[in-house]
Amino acid sequence: MKRALKSVTPSEMPQAQALASILSASEYQLFQAIDRLVDAADAGEFGVSQTAEARRDELLSMADAFSDGEFDTWWWENVAPDFLDNPQKARQSAGLSKDQWQDRMSTWAETYRERAGPEHAVQSMTDAQVAAFHVEDTFGVDLDTFSDEVVEWDRVEHAEGLARKNLQAAVGTIHQVAAHLERDDTDSADA
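Owing to the predicted nature of the structure, the values given are computational and were not obtained by experimental measurement. (Residues numbered from 1 in each chain as written. Predicted model: local features only at pLDDT ≥ 70, side-chain atom pairs only at ≥ 80, totals over all residues. Heavy atoms only, no water.)

S.K.: Which parts of the structure should I look at to understand the packing of helix α6 (residues 98–115) against helix α7 (residues 127–139)?
M.R.: A pair of packed helices can be characterised by two numbers: the angle between their axes and the separation between those axes. With their axes 8 Å apart at the nearest point, α6 and α7 run at an angle of 85° to one another. By the criterion of interaxial angle, the relationship of α6 to α7 is roughly perpendicular. For the pair α6 and α7, the contacting residues are Met105, Ser106, Trp108, Ala109, Tyr112 and Arg113 in the first and Asp127, Ala128, Val130, Ala131, Phe133, His134, Val135, Asp137 and Phe139 in the second. In terms of residue class, the contact of α6 with α7 is built from ten nonpolar, two polar and three charged. (Axes fitted to C-alpha atoms, helices over the stretch in contact; angles between N-to-C directions. Helix = DSSP H or I, 4+ residues; strand = E, 2+ residues; numbered from the N terminus. Parallel < 35°, antiparallel > 145°, perpendicular 65-115°, else oblique. Contact = heavy atoms within 4.5 Å. Nonpolar A, V, L, I, M, F, W, Y, C, P; charged D, E, K, R; others polar.)

Put into structure tokens, the structure is as follows:
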């Protein structure tokens, strides 16, 4: 039975293709409606960032990676580069415990201090401040983002986040538009 499951490639299954197509088309239609709403409410900008076909392909590729037991590698190769510089180097910090993370930041700080002159500003910085500089310079994100998305990397959370990302963006934008309209209502009532 396990061997039979291993040989399944979701992207080649008509049922999976149909489901991914339905979901991606529905998300795209939702985004088009939200774009129209944002425009009508004069509530800023909202862009549809991904075509339905690209989203369909992403969902099927993710399903294939899960089926093959390769989601971790797939995520680091396909998702991480969207927001991280040097994702494979960043991966070395994925899943560290709190103590390991503190040790990693201390090691980075020691390395910077050893390479810098005795009068360099890095000598008076905390390990976290040096780590923040290093992370920004090396990976192109702030320390909190690096900690949340890399150090605390969790397969299930990242898979769920990727599966829900469009719906979360839609809900967030709807709330923003509602807040914008509520402010306009308050401003009109005060006038």
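Now that the structure has been shown, we can carry on.
S.K.: Quick question: what am I supposed to make of helix α8 (residues 143–151) here?
M.R.: Listed as buried for α8 are Leu143, Phe146, Ser147, Val150 and Val151. Down the axis of α8, the buried set is contained in an arc of 105°. They therefore lie on one face. Of the surrounding secondary structure, the elements contacted by the buried residues of α8 are α4 (71–78), α5 (87–90), α6 and α7. By the N-cap criterion, in which a side-chain oxygen at the helix start approaches the backbone nitrogen of a residue two or three places on, α8 is capped by Asp142, the distance to Asp144 being 3.1 Å. (Buried < 20%, exposed > 50% of the residue type's maximum accessible area, 1.4 Å probe, protein only. Arc of directions from axis to C-beta. Polar contact = N/O pair within 3.5 Å; in protein donor to acceptor, adjacent residues only side chain to side chain.)

S.K.: Would you mind going over a negative patch on the surface with me for this structure?
M.R.: Taken together, the side chains of Asp35, Asp39, Asp42, Glu45, Glu182, Asp184, Asp185 and Asp187 define an acidic patch exposed on the protein surface. Elements represented by at least two residues in the negative patch include exactly α2 (14–40) and α9 (155–190). With four residues, α9 is the single largest residue contributor to the negative patch. Counting through the fold element by element, Glu182 comes out in helix α9. On the basis of relative accessibility, which here comes to 53%, the residue Glu182 falls in the exposed class. (Patch = residues over 30% accessible without salt bridge, like charges linked within 9 Å, V, L, I, M, F, W, Y side chains within 5 Å. Areas by Shrake-Rupley, 256 points an atom, 1.4 Å probe, with all protein chains shown as cover. Salt bridge = Lys/Arg side-chain N within 4 Å of Asp/Glu carboxyl O. Lys, Arg positive; Asp, Glu negative; His and termini not counted. Charge placed at Lys NZ, Arg CZ, Asp CG, Glu CD.)

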